[in-house]
Structures are given as C-alpha cells and as structure tokens.
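# Inside the fold
Each chain, written out:
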Amino acid sequence: MFSILVLHGPNLNLLGQREPGIYGSLTLEAIDRQLEEAAAVLQVTVSSLQSNHEGFLVDAIHDALEQYHGILINAGAYTHTSIALRDAIAAVALPTVEVHLSNIYRREPFRHHSYIAPVAIGQISGFGADSYRLGLHALVHHLKQLELSTG
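Here is a short report on the structure shown in this document. Everything numeric in this text was worked out from a predicted model, so none of it was measured.

### A few points about the sheet that holds strand 5 (residues 122–125)
With parallel pairing, five strands are arranged side by side in an open sheet as 2-1-3-4-5. Bordering the open sheet on either side are strand 2 (45–50) and strand 5, each of which pairs with just one other strand. Direction aside, neighbouring strands of the sheet carry axes that sit 20° apart on average. Bridging between strand 4 (residues 96–100) and strand 5 involves four bridges; their strand directions are parallel. Bridging across to strand 5, Val97 finds its partner in Gly122. Along the sheet face, helix 2 (residues 28–42) touches strand 1 (3–8), strand 2 and strand 3 (70–74) and points at about 165° away from the line of strand 2. In the packing of helix 3 (residues 54–67) onto the sheet, contacts are made with strand 1, strand 2 and strand 3, and the angle to strand 1 comes to roughly 180°.

### As for unusual backbone geometry
Leaving glycine aside, a negative phi is the common case for residues, and trans is the common case for peptide bonds. Of note, the phi angle at Asn11 is positive, near 75°, even though the residue is not glycine. Within the element layout of this structure, Asn11 appears in the loop between strand 1 and helix 1 (20–23). Here Ala93, not a glycine, exhibits a phi torsion of approximately 55°, which is positive. On the secondary structure map, Ala93 appears in the loop between helix 4 (83–92) and strand 4. On the basis of relative accessible area, Ala93 is assigned to the exposed category, the value being 61%.

### Focus: helix 2
For helix 2, which comprises 15 residues, the first-to-last C-alpha distance of 21 Å matches the rise-based estimate of 21 Å (1.5 Å per residue) to within 8%. The set of residues buried in helix 2 consists of Leu28, Ala30, Ile31, Asp32, Leu35, Ala38, Ala39 and Leu42. Those residues of helix 2 hidden inside the fold are in contact with strand 1, strand 2, strand 3 and helix 5 (130–150). Among the residues trailing helix 2, Gln43 stands out with phi positive, at a value near 60°.

### A closer look at the nonpolar core
Ranked by internal contacts, the top residues of the largest apolar core, which has 25 residues, are Ile4, Leu72, Tyr132 and Leu136. Secondary structure elements with two or more residues in this core: strand 1, helix 2, strand 4 and helix 5. Here the element with the most residues in this core is helix 2; it accounts for six residues. Apart from residues lying up to four places away in sequence, Tyr132 is in contact with Val6, His8, Leu12, Ile31, Leu35, Leu72, Asn74, Val99 and Leu101. Counting residues in hydrophobic clusters, the runner-up holds 19 residues, among them Val58, Ala64, Leu85 and Ile89.

The rules behind these values
- Residues numbered from 1 in each chain as written.
- Predicted model: local features only at pLDDT ≥ 70, side-chain atom pairs only at ≥ 80, totals over all residues.
- Heavy atoms only, no water.
- Pairing = 2+ DSSP bridges.
- Helix = DSSP H or I, 4+ residues; strand = E, 2+ residues; numbered from the N terminus.
- Axes fitted to C-alpha atoms, helices over the stretch in contact; angles between N-to-C directions.
- Contact = heavy atoms within 4.5 Å.
- Buried < 20%, exposed > 50% of the residue type's maximum accessible area, 1.4 Å probe, protein only.
- Expected span 1.5 Å × (residues − 1).
- Core = buried A, V, L, I, M, F, W, Y, C linked by side-chain atoms within 4.5 Å.

And the structure:
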C-alpha cells in the first residue's frame with residue numbers, strides 16, 4: 001500500500017474564510033477529509049500537514065524519505081519564492097505532484113513562476129479542491145506505473 005504525504009503551505013489554514021472567490025468555500029479540514037475518502041478508494045494512505053513556516057515544510061519533506069512513497073504539495077506562496085522547498089523535493093527524489101486551488105497562470109504575473117514545477121512529476125491547478133483529488137489520482141497512477149516497470 002502506498003503512503004502519500006500531503007503538504008499544505010502558508011495561509012491554507014484559512015481556507016473557507018480567505019478570499020473564497022479565489023480559493024473556494026471549503027475548509028482545509030474538508031479538503032483533507034475528501035483526500036482521505038479518495039485515498040481509501042485508491043487503497044493508499046494519506047497524511048496531511050499544514051504549516052505557515054518554510055523550515056517546517058522542508059523538515060517534513062526530509063522526513064518523508066523514510067515514511068512515504070510520494071508527496072502531494074500545495075506550497076501556497078512558497079511555490080513562487082522558495083528555492084529551499086524546491087531543493088528539499090529534489091534531494092529526497094520522491095515523486096511529487098504540485099497542486100493549486102486557483103489557476104496560477106490566470107493570476108498575478110509573480111504567481112506564474114513555480115520553483116517546484118521543475119522537480120515535480122506534474123502540476124495541477126485551477127480546479128479548486130478537486131485539484132488535490134486529481135493530483136492524488138495522478139500521483140498514485142505514477143507510483144503504480146513505477147512499480148510495474150521496476151518489477
């Protein structure tokens with residue numbers, strides 16, 4: 001059974017009240033529940049962590065190497081600023097899918113660049129809370145394909 005680490009970056013703890021026109025009305029807890037339901041159907045486990053602190057997220061990525069098969073990450077604003085998160089993902093070399101609630105390419109120009117995308121197996125954005133579910137499906141599919149190809 002695959003285990004997936006789900007990381008939520010800064011300000012995502014305010015989902016449901018933070019700019020609902022952009023981020024939707026679901027809370028982070030509701031998104032985590034939806035992910036757990038999707039994980040059960042996919043026969044994988046998910047563990048979710050949220051932090052507003054870059055170092056905590058870096059440490060969680062490092063720790064993932066010993067516990068998880070892949071990472072699903074919404075790094076929030078750190079997507080556009082954190083070389084440290086990018087380097088941590090590259091260092092552990094776990095398959096990682098980057099997700100965003102909003103379509104970052106239809107927003108402010110500074111949001112169009114992702115430091116994480118070049119070290120991720122893929123990126124899903126713009127589908128609200130479904131971005132997480134779609135990202136989880138894509139990551140699990142990738143892990144299964146890896147398992148098949150390595151025997």
